[in-house]
Amino acid sequence: MRLSNLADYAVVTMSAAARHCGFSRVSAAELAAETGLPAPTVQKVVSKLAAAGLLNSTRGSGGGLQLARPAAAISVADIVEAVEGPIALTACIDGADCAVDHSCSVKAHWPVINNALRGALADIPLSRLISSPAEQSAISVPTAQEEMA
């Protein structure tokens, strides 16, 4: 499984916007310069993120973009869904035609799998993506075995 480029760019753009959180508004052009992404791509991503309520956009003098809520309250799942729509690994969940729909023994299990994937992405706040790798290595994340113990 791989995210689309647009979803990847949305996460990168939101991370850059989050670094400005609480200081000042930032323009899409500034985000493009900071991230190295093409300005038209950032404009497209920003439009989707604003439509999803993740960014606030203000026009005019002193305008720009700001996070709509604190970085800790925005998850990677929120960002991906703003660009891609609901997280689903298979098209059959969305009602798309499937050649083996009549005999598929796994179809009933896909919602559980999709919820697990969404849950994993929902557990990663944007605030975690803006900290440095050194700060991340200092954070102890329990392994699955430790959590089960």
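Computed from a predicted model, the values in this text were never measured in an experiment.

### Quick look at the pairing of strand E2 (residues 64–67)
Here's step 1: Both strand E1 (residues 55–58) and E2 contribute to a ladder of 4 bridges, which runs antiparallel. Counted as the bridge partner of Thr58 is Gly64 from E2.
Here's step 2: The hairpin turn running from E1 into E2, its antiparallel successor, is 5 residues long, and Gly60 in that turn takes a positive phi close to 90 degrees.

### A closer look at helix H3 (residues 39–51)
Here's step 1: Taking 1.5 Å of rise per residue, the 13 residues of H3 would be expected to cover 18 Å, and the 18 Å separating its terminal C-alpha atoms lies within 8% of that figure.
Here's step 2: Every buried residue of H3 is accounted for by Thr41, Val42, Val45, Val46 and Leu49. Here the buried residues of H3 occupy an arc of 130 degrees about the axis, which is enough to place them on one side. Exposed residues pointing more than 90 degrees away from the buried face of H3 are listed as Pro40 and Ala51.
Here's step 3: Those residues of H3 that are buried lie in contact with helix H1 (5–19), helix H2 (28–35), E1, E2 and helix H4 (76–84).
Here's step 4: The positive-phi residue at the C-terminal boundary of H3 is Gly53, with phi of around 80 degrees.

### A few points about the environment of Ala10
Here's step 1: Within the secondary structure, Ala10 sits in helix H1.
Here's step 2: Separated by 31 residues in sequence, Ala10 and Thr41 place their C-alpha atoms 9.4 Å apart.
Here's step 3: Excluding anything up to four places from it in sequence, Ala10 contacts Val45, Leu49, Ile79 and Val83.

### As for the pattern of salt bridges
Here's step 1: In this structure the tally under the stated criterion is 3 salt bridges.
Here's step 2: A salt bridge links Asp78 to Arg69; its shortest N-O distance comes to 3.1 Å.
Here's step 3: A relative accessible area of 30% means that Arg69 is categorised as partly exposed.
Here's step 4: Taken together, the salt bridges that share partners define one network made up of Arg69, Asp78, Glu81 and Arg118.

Cut-offs used in this document
- Residues numbered from 1 in each chain as written.
- Predicted model: local features only at pLDDT ≥ 70, side-chain atom pairs only at ≥ 80, totals over all residues.
- Heavy atoms only, no water.
- Pairing = 2+ DSSP bridges.
- Helix = DSSP H or I, 4+ residues; strand = E, 2+ residues; numbered from the N terminus.
- Expected span 1.5 Å × (residues − 1).
- Buried < 20%, exposed > 50% of the residue type's maximum accessible area, 1.4 Å probe, protein only.
- Arc of directions from axis to C-beta.
- Contact = heavy atoms within 4.5 Å.
- Salt bridge = Lys/Arg side-chain N within 4 Å of Asp/Glu carboxyl O.

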